[in-house]
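# Results of the structural survey
Residues per chain are reported as follows:
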Amino acid sequence: VVEREGQAARLRHTPMGIRQAGIPAQQMVCKMLVMGSILGCRTPALAMAAALTVGRSPFLRIDSRRKKRYNGEDEQASMEEMKQERILEERASLFKTVGNSDHALLAAVYMKWQDEGSGSRKRFCESLGLSFNGMRDMMQAVNQMDSSLKAAGYTSSAESDSYSH
């Protein structure tokens with residue numbers, strides 16, 4: 001905001017800018033975090049922001065094209081193809097539940113992964129073709145951003161996540 005006092009102009013932060021200044025992330029990511037907290041979808045906003053800042057998708061590439069088989073590789077390759085088809089089907093069904101949004105998909109995947117017990121997170125990653133390390137990186141980013149949000153005055157509560165579904 002620019003305030004004019006005589007000939008001199010003075011710059012001041014907006015109230016939203018003051019809140020965002022304490023969060024070490026890009027301005028658009030900060031705004032998403034703050035608005036997510038205010039609008040009751042804090043956890044999905046944290047997951048989306050983490051996915052954007054980590055820099056790479058946790059989804060592993062699945063090659064759905066059929067390949068020619070040589071020698072005795074048919075059975076093993078066929079099993080691998082079936083596994084990859086199941087992964088693609090799981091991804092497609094999850095994608096439909098979130099309204100065909102890449103960001104909402106990342107948030108849904110993270111929230112489901114987070115709900116898994118620590119012993120079953122690896123199996124969850126395998127079922128959706130996710131990088132376990134990528135998901136762990138997202139979790140670290142979520143924790144850092146959550147701490148920054150708390151420091152800026154946006155504490156986690158039932159109200160701040162009332163629309164996280």
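Above this text sits the structure in question.
It should be emphasised that the depicted structure is a prediction, and the values quoted were computed from it without experimental measurement. (Residues numbered from 1 in each chain as written. Predicted model: local features only at pLDDT ≥ 70, side-chain atom pairs only at ≥ 80, totals over all residues. Heavy atoms only, no water.)

## Examining the packing of aromatic side chains
For any pair of aromatic rings, the description rests on two quantities: the centre-to-centre distance and the angle between the ring planes. Going through the model one piece at a time under the given rule, you end up with two aromatic pairs. Look at Trp113 and Phe132: their rings are 6.2 Å apart centre to centre, the planes differ by 65 degrees, and that puts the pair in the edge-to-face class. Here Trp113 is found in helix 5 (residues 102–115), whereas its partner Phe132 is found in helix 7 (residues 132–151), with 19 residues between them in sequence. Residue classification places Trp113 among the buried residues on the basis of a relative accessible area of 1%. The exposure class of Phe132 is partly exposed, given its relative accessible area of 26%. Here the aromatic residues Tyr110, Trp113 and Phe132 are joined through ring pairs into a cluster of three or more. (Phe/Tyr/Trp six-rings, centres within 6.5 Å; stacked < 30°, edge-to-face > 60°. Helix = DSSP H or I, 4+ residues; strand = E, 2+ residues; numbered from the N terminus. Buried < 20%, exposed > 50% of the residue type's maximum accessible area, 1.4 Å probe, protein only.)

## Remarks on helix 2 (residues 27–38)
Compared with the 16 Å implied by 1.5 Å per residue over 12 residues, the 16 Å span of helix 2 between its first and last C-alpha is a close match. Along its buried surface, helix 2 packs onto helix 1 (15–20), helix 3 (42–54) and helix 7. Downstream of helix 2 by a residue or two, Gly40 has a phi angle that is positive, lying close to 85 degrees. (Expected span 1.5 Å × (residues − 1). Contact = heavy atoms within 4.5 Å.)

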